[in-house]
Amino acid sequence: RPRVFSGMQPTADSLHLGNYLGALRQWVQLQDTHDAIYSVVDLHALTVSPDPAALRARTRVTAAQYLAAGVDPERSILFVQSHVPEHAELTWVLGCLTGFGEASRMTQFKDKSAKQGTDGTTVGLFTYPVLMAADILLYDADLVPVGEDQRQHLELSRNLAQRLNSRYAPEGTELVTVPEPYIVKATAKIYDLAEPTAKMSKSGNPSGLIELLDPPKVVAKRIKSAVTDADTVIAFDPVAKPGVSNLLSIHSALSGVPIDELVAEFDGKMYGHLKVAVVDVVEAALGPIRERVGELLARPDELDEILAVGAQKARAIARETLARVYDAVGLVPAR
Ligand code: TYM
């Protein structure tokens, strides 16, 4: 079966609806058709210099959310990135194949480093996409389910895979698999409720976020205060009506009702009606996840055991790939 790989950073106390609809939900579905490997990418999280105790807690909470959403450790590999040292090792090799200019053109790096200044920007932030490429190439992933904001990073991963292959694999063969992005258009970019032209993000305004682990009252309040517009017409038009369109997208993604049917259903009704309906479908989706996360966190030993087994399985694959790449680039094997 073809293989998928994806990961999320443990950089918040909860995942948000963008993470869920843009990626996690696809991860769960792809388990039916693919060999799936999912990681909590804690090394990536170091780029935001987190408090150590917070990082530790968030790593477990993130893993618990994967499981609660339906990632099944009996069928898929679930592990913590830093438990498999080959990720950092392959990053070095790939870093030596990445152009300085090429890495400098990554828009996420440009945005973040512009905010932090030269001295506030770390080399780790600069090489973030190279570590991400290592994550993917180590497992010869065919498909990488992510949100729209990761498209450029995926393109870099593809370029690095092709570069490894063309420089170091005999003509017509592959040293590593060239991965394809898997980005579902309808949910590729979920917007901030308070600022519906910006993507929903952990680093955004809290009132614009729907967090998986927020109490239902908080979720309801944020949806009811979502920014719409001065108009009263419920229509799907992301440019003219970004707030209303975002609410329609969220409803449709979670309820399965096509957007045009929702528009017909809410024709002539007020924004408040749509918001109440969105509160209901969001709670129906998140309630059970929240509950299962609570159960999983109450048994931390079981969670750690799942992660230990996952790391062992992941490492067996990663070790082989790294050995193959080290050999191909000319590193003498240790004996
Ligand atoms: P992270 O943790 O920032 O985001 C996790 C996933 O959530 C998606 N996402 C969204 N999708 C739709 N709408 C939004 N508003 C929204 N916000 C976030 C992201 O696209 C992502 O899929 N660099 C990755 C982590 C990573 C990774 C990897 C992913 C590290 N190594 C290897 C795939 C393969 C990231 O952005 O994580």
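Everything that follows concerns the structure shown earlier in this document.
Reading the values: the criteria
- Residues numbered from 1 in each chain as written.
- Predicted model: local features only at pLDDT ≥ 70, side-chain atom pairs only at ≥ 80, totals over all residues.
- Heavy atoms only, no water.
- 1 Å grid on protein atoms, 1.4 Å probe; cavity = no way out; pocket = protein on both sides within 12 Å on 5 of 7 lines; lining within 4 Å.
- Points joined across faces, edges and corners; volume = space filled by probe spheres on them.
- Helix = DSSP H or I, 4+ residues; strand = E, 2+ residues; numbered from the N terminus.
- Nonpolar A, V, L, I, M, F, W, Y, C, P; charged D, E, K, R; others polar.
- Axes fitted to C-alpha atoms, helices over the stretch in contact; angles between N-to-C directions.
- Parallel < 35°, antiparallel > 145°, perpendicular 65-115°, else oblique.
- Left-handed = near helix turned anticlockwise from the far one by under 90°.
- Contact = heavy atoms within 4.5 Å.
- Near = heavy atom within 4 Å.
- Polar contact = N/O pair within 3.5 Å; in protein donor to acceptor, adjacent residues only side chain to side chain.
- Areas by Shrake-Rupley, 256 points an atom, 1.4 Å probe, with all protein chains shown as cover.
- Phe/Tyr/Trp six-rings, centres within 6.5 Å; stacked < 30°, edge-to-face > 60°.
- Buried < 20%, exposed > 50% of the residue type's maximum accessible area, 1.4 Å probe, protein only.
- Lys NZ or Arg CZ within 6 Å of the ring centre and 35° of its normal.
- Pairing = 2+ DSSP bridges.
- Right-handed = clockwise from strand over helix to strand, strands pointing away.

**Q** Give a description of empty space enclosed by the protein that names residues and reports values.
**A** To find leftover empty space, a probe the size of one water molecule is rolled over the atoms. On inspection of all chains with the given rule, the structure shows 1 cavity of 30 Å³ or more. Estimates place the volume of the largest cavity at around 60 Å³. Together, Gln-108, Phe-109, Lys-112, Leu-125, Tyr-128, Pro-129 and His-153 line the largest cavity. Listed by contribution, the elements that provide at least two residues to the lining of the largest cavity are α6 (107-120) and α7 (123-138). Class assignment of the residues belonging to the lining of the largest cavity gives a composition of 4 nonpolar, 2 polar and 1 charged.

**Q** Can you lay out the layout of surface pockets for me, pointing to particular residues and giving the numbers?
**A** Approximately 330 Å³ is the volume found for the second largest pocket. Along the walls of the second largest pocket sit 13 residues, with Lys-189, Tyr-191, Phe-236, Pro-238 and Ser-249 positioned nearest its centre.

**Q** Mind laying out the packing of helix α1 (residues 17-30) against helix α3 (residues 52-69), listing which residues take part and the relevant values?
**A** The interhelical angle for the contact between α1 and α3, taken along N-to-C directions, is 60°, at an axis separation of 9 Å. On the basis of the axis angle, α1 is oblique to α3. The handedness of the crossing between α1 and α3 comes out as right-handed. Taken together, the residues of α3 that come into contact with α1 (itself represented by Tyr-20, Leu-24, Trp-27 and Val-28) are Gln-65, Tyr-66 and Ala-69. For the contact of α1 with α3, the class distribution of residues is 6 nonpolar, 1 polar and no charged.

**Q** If you had to explain the site of the ligand to someone new, which residues and values would you point to?
**A** As a matter of local geometry, the ligand sits amid 28 residues, with Tyr-128, Asp-135, Asp-149, Gln-150 and Ile-190 nearest to it. Asp-135 is positioned such that a nitrogen or oxygen atom in its side chain is 2.6 Å from a nitrogen atom of the ligand. Residue Met-200 places a main-chain N or O atom 2.9 Å away from a nitrogen atom belonging to the ligand. Considered on its own, the ligand offers 710 Å² of accessible surface; in the complex 97% of this is hidden by protein. Only β1 (3-8), α1 and α7 provide two or more residues apiece to the shell around the ligand. For the shell around the ligand, the per-class residue count stands at 12 nonpolar, 11 polar and 5 charged.

**Q** Could you give an account of the side chain of Glu-86, naming the residues involved and the relevant values?
**A** Note that Glu-86 resides in helix α4 (residues 86-95). There is a polar contact of 3.1 Å between the side chain of Glu-86 and the side chain of Arg-315. Setting aside its immediate chain neighbours within four residues, Glu-86 contacts Leu-138, Arg-315, Ala-318, Arg-319 and Leu-322.

**Q** Kindly report on the packing of aromatic side chains, identifying the contributing residues and their values.
**A** Throughout the structure, instances matching the rule amount to 6 aromatic pairs. On the numbers, 5.3 Å between centres and 5° between planes, the contact of Phe-5 with Tyr-139 is stacked. Highlighted residues: Phe-5 in strand β1 and Tyr-139 in the loop between α7 and β4 (143-145), separated in sequence by 134 residues. Side by side, Phe-5 and Tyr-139 carry an identical accessibility label, which is buried. Where Trp-27 meets Tyr-66, the ring centres are 4.8 Å apart and the plane angle is 75°; that geometry is what we call edge-to-face. With Trp-27 in helix α1 and Tyr-66 in helix α3, the pair connects residues that are 39 residues apart, well separated along the chain. A relative accessible area of 0% places Trp-27 in the buried class. According to the relative accessible area criterion, Tyr-66 is buried, its value standing at 0%. The rings of Phe-5, Phe-79 and Tyr-139 are connected pair by pair, giving a single aromatic cluster. Of note, Lys-112 hangs over the ring of Tyr-128, and the distance from its end group to the ring centre comes to 5.9 Å. One residue, Lys-269, lies across the ring of Phe-266, its end atom 5.7 Å from the ring centre.

**Q** Would you mind going over the pairing of strand β3 (residues 77-80) in detail, with residue names and values included?
**A** Burial along β3 is two-sided: Ile-77 and Phe-79 facing one way and Leu-78 and Val-80 facing the other are all buried. As judged from the 4 bridges shared by strand β2 (residues 35-40) and β3, these two strands associate in the parallel manner. The partner of Tyr-38 across the bridge, within β3, is Leu-78.

**Q** Report on the pairing of β2, specifying residues and quantitative values.
**A** Burial analysis of β2 places 5 of its 6 residues in the buried class, which makes it a mostly covered element. In the sheet, β1 pairs with β2 via 6 bridges, with the strands oriented parallel. Across the sheet, residue Ser-6 finds its bridge partner in β2, namely Tyr-38. One crossover worth recording links β1 to the parallel β2 by way of α1, and it is right-handed.

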